[in-house]
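Residues per chain are reported as follows:
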Amino acid sequence: MHWIFYAWAVMGGACIALAMVHVTVWVKQRTNYSDLLFAVSACAVAAISVFENMTMRTESPHEYVTLVRWGQVPVFVLITAIMAFVRVHFNAGRLWLAYVVFGTSVVILAANFWLDLGVRFADVPTLERFEAIGGQGVTIAHGPATGWATLGQFRALFYVAYIADASLTLWRRGGYAARRRAVLVGGGLVLATLIAVVHGGLVGSDVLRSPYIITPASMVFLFMVGYELSDNLFKATRLADQLASSMSLLQQSVQRVELAADAAELGFWEWSARSREVWMNEQCRRMFGFGPAEPVDFSRFVRRIHREDRRRVRRDIDQALRAQDGFVADFRMPQPDGGTRWIQARGQTAIDGKGRVTLLRGVARDVTRQFQAEAQLRQIVETGPYAILVTDAAGRIALANDPSAMMFGFGQDELLQRSIGELVYDPLVRDAGMLPQDTFGRLKAGHFGSVSNLYGVRSDASLFPVEVWITPLEAQQGDRTLVTVLDITDRRQAENEAVARRNELMHLSRVALMGELSGALAHELNQPLAAILSNAQAAQRFLQRDSSKIGEVREILADIVEADERAGEVIARMRMMLKKETAGRDRVDMNDVVLEILRLMHSDLLNRHVLVRTDLAPTLPAVVADRVQMQQIMLNLLMNACDAMANLSQDDRVVTVATALRDDGSVEVSVTDQGSGIPSPQLGTIFEPFMTTKAHGMGVGLSVCRTIVRSHGGSIHAFNGASRGATIRFSVPVSRELGA
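Since we're looking at a predicted model, the values are computed, not measured.

K.L.:
Before we go on, may I ask you to explain the overall build of the protein chain in this structure?
P.N.:
When helices and strands are tallied, the protein chain shows 24 helices and 20 strands. Per-residue burial for the protein chain yields a buried fraction of 41% across its 740 residues. Per element, the accessible surface of the protein chain, about 40200 Å² overall, is 56% carbon and sulfur.

K.L.:
I'm lost on the packing of aromatic side chains in this one. Help?
P.N.:
To describe a pair of aromatic rings, one takes the distance between the centres and the angle between the planes. On inspection of all chains with the given rule, the structure shows eleven aromatic pairs. For the pair phenylalanine 154 and phenylalanine 158, a centre-to-centre distance of 4.5 Å together with 50° between the ring planes defines the contact as tilted. Of this pair, phenylalanine 154 and phenylalanine 158 both sit in helix H5 (residues 148–172), four residues apart, which is roughly one turn of the helix. Judged by relative accessible area, which is 18%, phenylalanine 158 ranks as buried. The interplanar angle of 45° and the centroid separation of 5.4 Å between the aromatic rings of tryptophan 271 and phenylalanine 298 together place this pair among those described as tilted. Residue tryptophan 271 is located in strand S3 (residues 266–272), and its partner phenylalanine 298 is located in helix H9 (residues 298–303); the two are separated by 27 residues in the primary sequence. Across the pair, exposure class does not vary: tryptophan 271 and phenylalanine 298 are buried alike. A connected cluster of aromatic rings, assembled from ring pairs, spans Trp271, Phe288, Phe298, Phe301 and Phe331. Positioned above the aromatic ring of phenylalanine 290 is the side chain of arginine 304, whose terminal nitrogen or guanidinium carbon lies 4.1 Å from the ring centre.

K.L.:
How should helix H24 (residues 701–711) be read in this particular structure?
P.N.:
A turn of α-helix holds 3.6 residues, and therefore any two residues three or four places apart point the same way. Most of H24 sits out of view: eight of its eleven residues are buried. Turning to H24, its buried residues number three or more, namely Gly701, Leu702, Ser703, Val704, Cys705, Arg706, Ile708 and Val709. Glycine 713 lies just past H24 and shows a positive phi near 80°.

K.L.:
I'm lost on the sheet that holds strand S15 (residues 611–615) in this one. Help?
P.N.:
Sheet strands pair via backbone hydrogen bonds, and the direction of the pair is either parallel or antiparallel. The strand order S15-S17-S18-S20-S19 describes an open sheet built from five strands, whose pairing is mixed. Pairing within the sheet leaves two strands with one partner each, and these edge strands are S15 and strand S19 (715–720). Neighbour to neighbour, the strand axes of the sheet diverge by 15° on average, direction disregarded. Sheet topology note: the S15/strand S17 (residues 654–661) ladder contains five bridges and is parallel. Looking at the pairing, threonine 614 lines up with valine 657 of S17.

K.L.:
How should I be thinking about the nonpolar core in this particular structure?
P.N.:
General note: in soluble globular proteins, nonpolar side chains tend to be found buried as a group. Of all hydrophobic cores here, the largest spans 47 residues; its most connected members are Ile82, Phe85, Val86, Tyr159, Leu189 and Leu222. Of all the elements in the fold, those that place two or more residues in this core are helix H1 (3–28), helix H2 (33–55), helix H3 (61–90), helix H4 (95–114), H5, helix H6 (176–204) and helix H7 (215–264). Among all residues touching tyrosine 159, those that are not within four sequence positions of it are Ile79, Ile82, Met83, Val101, Leu189 and Thr193. Residues Leu600, Leu620, Phe687 and Phe730 belong to the second largest nonpolar core, which totals 44 residues.

K.L.:
For this particular structure, what's the right way to read helix H20 (residues 590–600)?
P.N.:
Along H20, eight of the eleven residues are buried, which leaves the element largely enclosed by surrounding structure. Where H20 is concerned, the buried positions are Met590, Asn591, Val593, Val594, Glu596, Ile597, Leu598 and Leu600.

K.L.:
When you look at the pairing of strand S8 (residues 387–391) in this model, what are you seeing that I'm missing?
P.N.:
Each regular strand carries side chains that alternate between the two faces of the sheet. S8 sits mainly inside the fold: five of its five residues count as buried. Residues Ala387, Leu389 and Thr391 line one face of S8 and the alternating positions Ile388 and Val390 line the opposite face, and both faces are buried. Across three bridges, S8 lies against strand S9 (residues 397–400) in antiparallel orientation. Within S9, the position partnered with threonine 391 by the bridge is isoleucine 397. Hairpin geometry of S8 and S9 is characterised by an intervening segment of five residues between the two adjacent antiparallel strands and by a positive phi of about 90° at glycine 395.

K.L.:
For this particular structure, what's the right way to read the pattern of salt bridges?
P.N.:
Should their charged atoms come close, side chains of opposite charge can pair. In this structure the tally under the stated criterion is 15 salt bridges. Across the pair aspartate 165 and arginine 94 runs a salt bridge, and its minimum N-O distance is 2.2 Å. Highlighted residues: aspartate 165 in helix H5 and arginine 94 in the loop between H3 and H4, separated in sequence by 71 residues. On the accessibility criterion, aspartate 165 (12% relative accessible area) is buried. Among the charged side chains, a salt-bridge network with shared partners connects Glu308, Asp309, Arg312 and Arg332.

K.L.:
Whenever I open this one, the side chain of threonine 215 confuses me. Can you help?
P.N.:
One can find threonine 215 in helix H7. The exposure class of threonine 215 is buried, given its relative accessible area of 0%. A polar contact is formed between the side chain of threonine 215 and the side chain of glutamate 52, at a distance of 2.5 Å. Excluding residues within four positions of it along the chain, threonine 215 makes contact with Trp8, Met11, Val45, Ile48, Ser49 and Glu52.

K.L.:
Explain the environment of alanine 141 here, please?
P.N.:
Checked against the element boundaries, alanine 141 lands in strand S2 (residues 137–142). Residues alanine 141 and threonine 126, spaced 15 residues apart in sequence, show a C-alpha to C-alpha distance of 5.6 Å. Filtering out sequence-adjacent residues up to four positions away, alanine 141 remains in contact with Tyr64, Phe121, Pro125, Thr126 and Leu127.

The rules behind these values
- Residues numbered from 1 in each chain as written.
- Predicted model: local features only at pLDDT ≥ 70, side-chain atom pairs only at ≥ 80, totals over all residues.
- Heavy atoms only, no water.
- Helix = DSSP H or I, 4+ residues; strand = E, 2+ residues; numbered from the N terminus.
- Buried < 20%, exposed > 50% of the residue type's maximum accessible area, 1.4 Å probe, protein only.
- Areas by Shrake-Rupley, 256 points an atom, 1.4 Å probe, with all protein chains shown as cover.
- Phe/Tyr/Trp six-rings, centres within 6.5 Å; stacked < 30°, edge-to-face > 60°.
- Lys NZ or Arg CZ within 6 Å of the ring centre and 35° of its normal.
- Pairing = 2+ DSSP bridges.
- Axes fitted to C-alpha atoms, helices over the stretch in contact; angles between N-to-C directions.
- Core = buried A, V, L, I, M, F, W, Y, C linked by side-chain atoms within 4.5 Å.
- Contact = heavy atoms within 4.5 Å.
- Salt bridge = Lys/Arg side-chain N within 4 Å of Asp/Glu carboxyl O.
- Polar contact = N/O pair within 3.5 Å; in protein donor to acceptor, adjacent residues only side chain to side chain.

Right, dumping it as structure tokens:
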């Protein structure tokens, strides 16, 4: 067999193979008409290859004409199938162009069988053997053409226009896949058509010696379109593999969900609005007492509910169906043994494309233990001696006992309509400009446990101090919080009285210290008063002798003013120490406090022959403290140091006062004497009330000092020196709010 005939047979077989593959795909996916139309096109090309193979072998003109006549049938089928394929695969193309091509093809096909010699030849053609490559001859025909050739060219023009229009439309839609399809399919069809038309024109004008053939050009189209469809097939195969993998993962997920549902004792149910039947999984059937194969409908499902809860559950379900929303229902279910179980059902509606409810599906779980726990909690709350409230996640009161109503002056029903923020006044919330309902959020966000510095608000808007305990609960209805409120009015009054007595004791301690300094202070005042008297008498004598010495009088008056200011300072310091009220806390420089007390004790230190050495830290940060109380501490410590050295020689009576900034940010002050030190048994209790090492001491001074230091957030300690003496050291923190 010559290679040409062999090649045409191979092309025909390839077309049949392609057709069989895509027919198989279409059989499995009946909605995919692209594969069916492509298979029809491949079969048409296979038939055309058979007719072309036979025409190239025949030696009879009449047989040649007959083969050409019947060869127009597969051509008609090919053109029609291709136009339908483009329409289905592209979903594009102007239909009127397709109608023109189809109508023209029908006319040509009808004329082909109507005319004696068909539409190609006007007379019987002459045959010629043409020697092709390889030395084998093929038959070619020569004869006058009919006027129908023009109609064929007209059909080819509209055929190409239709394919180009569909391809451009697909390209303009955008997307990589659409443009790829337009190039491969549309480009392949246009290229095949142009090859066939150009080849036929060259043969018809005797420019090219060749038989009329369109099979090779059609193979270009078939292979390009087949590649595109095969790629889709491969994608579908991958998608099927992915789907199988997803189904496997889904099955695993379903198994995990079922395992989790069994562990959590969850029952799944689904009610069909159309059939009114209820599907339940095994756990749900056990929960409601249905057998594994027992049919369940909505009425049988409702009959298992306690009769007092049925109407409410029906109402909740009907409302969910009307609103196309979900629902939550708690209900009782009688047991065969006479007991009762509490069940909570949660459901959600499923809506179809027309907005109608088709399904109501959800879960059910046994919440008997939670309801029993809440009943016990309610009993505890109602019988508690204190005001006990249970709130929801937003702070609204869900449960209150009788002491709560009595404490706040509201009825039980009135309390249930309020929030914690309306009953508890938090000054920090109000000062920050927040709303009363923010109180509950601050309490929860702060610390669970006891919260003080709060006030209760009675129904008449009066305030009273309270202490609040916050305890989180896990309840059936969501997060709950147990709030216990204690009226601490009596405690706060007792604390205020204790503070008043402590301040009174501090005042008496200062008075006692000033009494000890009275002799030295009298001497301190005698000096400026004597200077004032002497200067005034001298001024009188100047004025009596000679009134012209005004300059000397001015100097005398200046000395009088200076002496008066000295006396005023002494009296002001005495008044500050003797005042019953303190000045309040402010920024205080501890170096200034030390120097002020040393000036106040100046005469007393001289009388006692005590030398004071100072080691004051420069640029010491200020502390926030009560200046008078800091002065009281320094005065007490210096007086104790002087008393501890009373039996020493005058040269050994040395007191060292030092200030420093500690690593923890507090200011430290120390007073060190050269006495005999504190006895070891008393070193740990020296700051206890009524504990003293003096023969005539009351044991109050150091106790007051410790109270003052602790109230400022500081600490105070005492220790003996290595060889002699004792040191008392106290520290006061620097406040960050007011700065250092």
